[in-house]
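Close look at the chain arrangement
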Amino acid sequence: MADSVLMGYATRYGSTHEVAEKVAATLRESGLWVDVQLLRDVRSVANYTAVVLGAPLFMFHWHKDALGFLSRHRSALLDRKVAVFALGPVHEPHDEQEWTDSRAQLDKELAKFPWLEPVAHGVLAGSTTR
């Protein structure tokens, strides 16, 4: 279990999977063992020391598989480092308001899980229409 990371993702059209693979590759370059899985397929996080969770924001909500994952694995996630990202509906990379709005959407979704204290969380540019 030493230095093992679950890179769990949910996706509508494949963009988040692409980002998850890039995140996993970066973590592997740092010497970590990383397992990339769809969140809906994860049955246990027992074999991982950390979890990175990524999913798109769509229509002002985070993907239902991400929300379900957090609910199902609450007790196990309390004992692990968790990082979270969302692909936000940011169309103009320099539009500060779009970034702010997407971050607010993610923060609102994460507020449903007050027990969760991610070591990092944020919004990445992406389109949920792809």
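Preceding this section is the structure that the text describes.
Model, not experiment: these values are computed from the prediction. (Residues numbered from 1 in each chain as written. Predicted model: local features only at pLDDT ≥ 70, side-chain atom pairs only at ≥ 80, totals over all residues. Heavy atoms only, no water.)

We now examine the pairing of strand β1 (residues 4–9). Buried residues dominate β1, accounting for six of its six residues. Neither face of β1 is left uncovered, since the one carrying Ser4, Leu6 and Gly8 and the one carrying Val5, Met7 and Tyr9 both have all their residues buried. Where the polypeptide runs from β1 across helix α1 (residues 15–29) and back to strand β2 (residues 33–38), its parallel neighbour, the crossover connection is right-handed. As judged from the five bridges shared by β1 and strand β3 (residues 50–58), these two strands associate in the parallel manner. Considered in β3, the bridge of tyrosine 9 is made with glycine 54. (Buried < 20%, exposed > 50% of the residue type's maximum accessible area, 1.4 Å probe, protein only. Helix = DSSP H or I, 4+ residues; strand = E, 2+ residues; numbered from the N terminus. Right-handed = clockwise from strand over helix to strand, strands pointing away. Pairing = 2+ DSSP bridges.)

Next up on the list: the packing of aromatic side chains. For the structure on display, the rule yields two aromatic pairs. Ring centres of tryptophan 33 and tyrosine 48 lie 6.3 Å apart, and the angle between their planes is 15°; on these two criteria the pair is classed as stacked. On the criterion of sequence distance, the pair formed by tryptophan 33 in strand β2 and tyrosine 48 in the loop between β2 and β3 is long-range, its members being 15 residues apart. Assessed through its relative accessible area of 6%, tyrosine 48 is described here as buried. Note on phenylalanine 113 and tryptophan 115: the rings are 6.2 Å apart at their centroids and 85° apart in plane angle, and the pair reads as edge-to-face. Among the residues examined, tryptophan 115 registers a relative accessible area of 15% and is labelled buried. Between arginine 12 and the ring centre of phenylalanine 58, over which it is positioned, the NZ or CZ distance is 3.7 Å. (Phe/Tyr/Trp six-rings, centres within 6.5 Å; stacked < 30°, edge-to-face > 60°. Lys NZ or Arg CZ within 6 Å of the ring centre and 35° of its normal.)

Turning our eyes to something else, we now look at helix α4 (residues 96–110). One turn of the α-helix equals 3.6 residues, which is why residues spaced by three or four share an orientation. Between the first and last C-alpha of α4 there are 21 Å, a value that for 15 residues agrees with the 21 Å anticipated at 1.5 Å per step. Within α4 the residues assigned to the buried category are Glu98, Ser102, Gln105, Leu106, Glu109 and Leu110. Angular distribution of buried residues about the axis of α4 spans 135°; they occupy a single face of the element. In α4, the exposed positions angled more than 90 degrees off the buried face are occupied by Glu96 and Lys108. (Expected span 1.5 Å × (residues − 1). Arc of directions from axis to C-beta.)

Here we come to the pattern of salt bridges. Counting across every chain of the model gives four salt bridges. For aspartate 107, the salt bridge goes to arginine 103, with nearest N and O atoms at 3.3 Å. Separated by four residues within a single helix, aspartate 107 and arginine 103 lie in helix α4, roughly one turn from each other. For aspartate 107, a relative accessible area of 32% corresponds to the partly exposed category. (Salt bridge = Lys/Arg side-chain N within 4 Å of Asp/Glu carboxyl O.)

What follows is about the environment of glutamate 21. Locating glutamate 21 in the fold gives a position in helix α1. Measuring from C-alpha to C-alpha, the distance between glutamate 21 and tyrosine 9 comes to 9.6 Å, with twelve residues separating the pair along the chain. With residues near it in sequence (within four places) discarded, glutamate 21 still touches Arg28 and Val36. (Contact = heavy atoms within 4.5 Å.)

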